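# Understanding the architecture of this molecule
Listed here are the chains, written in short residue letters.
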Amino acid sequence: MAAAKRLSPEQIVARLRDAEKLQGQGASVSQVCKKLGVSEQTFYRWRTKYGALKEDEAIRLKTLEQENARLKRIVAEQALDISMLKDVAKGNF
């Protein structure tokens, strides 16, 4: 089984634009998915997430998602540090 190919957000947006053109020419969703090399589920997931975005907006979205994940990790680490300090202060170590 081949490994899944990861596409960048801007590549996904470009493929969705191609899909719109194909559908405008009368292609069905299954034909479009076959042409793009993705499943219908992936196509609909892409369309839900990236359908209304332009390429630069997709890049910005990806950057914001990465920053959000980084900040969540920082908050989790700080919460753990606070919990450990409270335990030490109570004498439960």
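Residues numbered from 1 in each chain as written. Predicted model: local features only at pLDDT ≥ 70, side-chain atom pairs only at ≥ 80, totals over all residues. Heavy atoms only, no water.

The next point concerns the packing of aromatic side chains. Inspection of the entire model under this criterion finds one aromatic pair. Taking the centre distance of 5.5 Å and the plane angle of 65 degrees together, the rings of F43 and Y44 count as edge-to-face. Taking relative accessible area as the criterion, F43 reaches 1% and is therefore assigned buried. (Phe/Tyr/Trp six-rings, centres within 6.5 Å; stacked < 30°, edge-to-face > 60°. Buried < 20%, exposed > 50% of the residue type's maximum accessible area, 1.4 Å probe, protein only.)

Moving on, we get to the UniProt feature "coiled-coil region" (unreviewed entry) in the chain. UniProt marks residues 54-81 with the feature "coiled-coil region" (unreviewed entry), using the numbering shown here. The distance from the first to the last C-alpha atom of residues 54-81 is 41 Å, and the span holds 96% helix and 0% strand. (UniProt positions renumbered as here; feature names shortened; annotations may be inferred. Helix = DSSP H or I, 4+ residues; strand = E, 2+ residues; numbered from the N terminus.)

Where helix α1 (residues 9-24) contacts helix α4 (residues 55-90), the two axes come as close as 8 Å, and the packing angle between them is 145 degrees. Seen along the crossing, α1 lies across α4 with a hand that is right-handed. Contacts between α1 and α4 involve P9, E10, V13 and A14 from the former and E55, A58, I59 and K62 from the latter. Of the residues assigned to the contact of α1 with α4, the class counts are five nonpolar, no polar and three charged. (Axes fitted to C-alpha atoms, helices over the stretch in contact; angles between N-to-C directions. Left-handed = near helix turned anticlockwise from the far one by under 90°. Contact = heavy atoms within 4.5 Å. Nonpolar A, V, L, I, M, F, W, Y, C, P; charged D, E, K, R; others polar.)

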